[in-house]
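Each chain, written out:
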Amino acid sequence: MAGMSNEDDATQKIHDTPKTPKTPKTPKTPITPNTRDAVRGGPAGPLAGRVALVAGATRGAGRAQAVELGRAGATVYVTGRTTRDRVSEVGRTTETIEGTAELVTAAGGTGIAVPTDHLDEDQVRALAERIDGGHGRLDILVNDLWGGEHLLIGSVFGKKSWETPLADGLRILELGVRSHVITAALLLPLLIRSEAPLHVEVTDGTAHSNRRYRENMYYDLAKNAPIRLAFGLGQELAEYGGAAVAVSPGFLRSEQMLAHFGVSEENWRDAIAQEPAFAIAESPHYLARAVAALAADPDRAERWNGRSTSSAELARAYGVTDVDGSRPDGWAYFEDVTEGNGKPSPEDYR
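In this text the structure is predicted, and so the values were computed from the model without any measurement.

> What is the right way to read the pairing of strand S3 (residues 110–115) from this model?
The side chains of a regular strand alternate between the sheet's two faces. Along S3, five of the six residues are buried, which leaves the element largely enclosed by surrounding structure. Here strand S2 (residues 75–80) runs beside S3; their pairing, made up of six bridges, is parallel. The residue of S3 that forms the bridge with threonine 79 is valine 114. On the question of chirality, the crossover connecting S2 to the parallel S3 by way of helix H3 (residues 97–107) is right-handed.

> I keep staring at the packing of helix H2 (residues 60–71) against helix H9 (residues 284–295) and nothing clicks. Help me out?
When two helices pack together, their arrangement is given by the angle between their axes and by how far apart the axes lie. Where H2 meets H9, the closest approach of the two axes is 8 Å, and the angle between their N-to-C directions is 45 degrees. Judged by the inter-axis angle, H2 sits oblique to H9. Between H2 and H9 lies a crossing whose hand is right-handed. Every residue of H9 that contacts H2 at Gly60, Ala61, Ala64, Gln65, Val67, Glu68, Leu69 and Arg71 is listed here: Pro284, His285, Leu287, Ala288, Arg289, Val291, Ala292 and Ala295. Residue composition of the contact of H2 with H9, by class: ten nonpolar, three polar and three charged.

> I keep staring at a nonpolar patch on the surface and nothing clicks. Help me out?
Residues Tyr213, Met217 and Leu221 make up a contiguous nonpolar surface patch of roughly 300 Å² in combined accessible area. One can find tyrosine 213 in the loop between strand S5 (198–202) and helix H7 (217–237).

> How should I be thinking about the side chain of glutamate 149 in this particular structure?
With respect to the secondary-structure elements, glutamate 149 resides in helix H5 (residues 149–155). The side chain of glutamate 149 sits in the buried core without any salt bridge; lysine 223 is the nearest counter-charge, 6.5 Å away. Here tryptophan 146 takes part through its side chain, which lies 3.3 Å from a polar atom of the side chain of glutamate 149.

> Quick question: what am I supposed to make of the nonpolar core here?
Where a protein is soluble and globular, its nonpolar side chains tend to be buried together. If you look at the biggest cluster of nonpolar residues, it comprises 41 residues, and the most contacted ones within it are Leu69 and Val76. Counting residues per element, this core draws most heavily on H9, at eight residues. If sequence neighbours within four positions are ignored, valine 76 has contacts with Ala52, Val54, Ala66, Leu69, Gly70, Val104, Thr110, Gly111 and Ile112. Formed by 20 residues, the second largest nonpolar core is a distinct cluster that contains Ile112, Ile182, Ala184 and Leu237.

> In this structure, what is going on with the packing of aromatic side chains? I would like to understand it.
Pairs of aromatic rings are described using the distance from one ring centre to the other and the angle between the two planes. In total, this model carries nine aromatic pairs according to the counting rule given. Pairing tryptophan 268 with phenylalanine 278 gives two aromatic rings, centres 5.8 Å apart and planes at 80 degrees, and the pair type is edge-to-face. Of the two residues, tryptophan 268 sits in the loop between helix H8 (255–261) and H9 while phenylalanine 278 sits in the loop between H8 and H9, which places them ten residues apart along the sequence. There is no split in this pair, since tryptophan 268 and phenylalanine 278 are both buried. Taking the centre distance of 5.2 Å and the plane angle of 70 degrees together, the rings of tyrosine 333 and phenylalanine 334 count as edge-to-face. Taken as a pair, tyrosine 333 and phenylalanine 334 share a single burial class, namely buried. Each residue in the set Phe251, Phe261, Trp268, Phe278, Tyr333, Phe334 and Tyr349 is aromatic and connected to the rest through ring pairs, giving one cluster.

Procedures and definitions
- Residues numbered from 1 in each chain as written.
- Predicted model: local features only at pLDDT ≥ 70, side-chain atom pairs only at ≥ 80, totals over all residues.
- Heavy atoms only, no water.
- Buried < 20%, exposed > 50% of the residue type's maximum accessible area, 1.4 Å probe, protein only.
- Helix = DSSP H or I, 4+ residues; strand = E, 2+ residues; numbered from the N terminus.
- Pairing = 2+ DSSP bridges.
- Right-handed = clockwise from strand over helix to strand, strands pointing away.
- Axes fitted to C-alpha atoms, helices over the stretch in contact; angles between N-to-C directions.
- Parallel < 35°, antiparallel > 145°, perpendicular 65-115°, else oblique.
- Left-handed = near helix turned anticlockwise from the far one by under 90°.
- Contact = heavy atoms within 4.5 Å.
- Nonpolar A, V, L, I, M, F, W, Y, C, P; charged D, E, K, R; others polar.
- Patch = residues over 30% accessible without salt bridge, like charges linked within 9 Å, V, L, I, M, F, W, Y side chains within 5 Å.
- Areas by Shrake-Rupley, 256 points an atom, 1.4 Å probe, with all protein chains shown as cover.
- Salt bridge = Lys/Arg side-chain N within 4 Å of Asp/Glu carboxyl O.
- Lys, Arg positive; Asp, Glu negative; His and termini not counted.
- Polar contact = N/O pair within 3.5 Å; in protein donor to acceptor, adjacent residues only side chain to side chain.
- Core = buried A, V, L, I, M, F, W, Y, C linked by side-chain atoms within 4.5 Å.
- Phe/Tyr/Trp six-rings, centres within 6.5 Å; stacked < 30°, edge-to-face > 60°.

Honestly, that's just the spatial picture; any functional story needs more than this.
Have a look at this one:
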């Protein structure tokens, strides 16, 4: 489907007693003003005292999830490849991980920016050691790594898989699968030290919507792999009282999508003239609010472990809304369009 892309505060509080942290180790990455903030902790909130990592937090849903976890009181490590000094292959200079960390802190949490390429095992190990040295554990791991949109229009959409340049196809699998596996493998030993570990895999589509082929072999594999990761890791985390969940936004109004249509968050509806389905679009904070509510739910393992879900389903379960007060369900809308159930209006799914 064109434009589908990866990228109410919770009221329930987790009453967990953190495990005694290990003796701090010397961080392998430089101390910055944001990392010094970590010693102060966040304000009272449903996630106060919790330590989170959002991997892939430069922009889009990753950035928003970091902010909403911080708004709920968490200390949030944010990682990505674009900094104020370096730009990733995505090619956008307008969003950086330092900017994300500042937004987390402004929202009431503690934001800690750690430049990390999650395809580099040494960098991810250094990240794990840094979190271990500062806190001795990790409570919430959000695996929102991607950064492959620039490959889709020219190499994926509208092409047979054998027409996709092999290098581009393999890069999609590196960005969408291998990065997730490396991050999970090296951070899960910290996560299972938590009293209630939560692993969130962010992808494009749910198990239900992705039962249909996602147009191209490489993209289909990249967007189904996180669903299987959550399912499998849910089995392994169960004995630790933990949960692994795969989540998906609907038609996401990410910074890149807004730029594609030449609009901003303030006038995003002007893009509907170009793409009528954009009327169902949701802001990154819709999924982010839902994930923050999920993280604050003491019964999340029983309710969600191993499952694949969407921003809309979580929003209904936790009573959260998007920034405009609506509750869009992009996947239900596209399902009805695909099934040919009349001519549904996007506004009927908000």
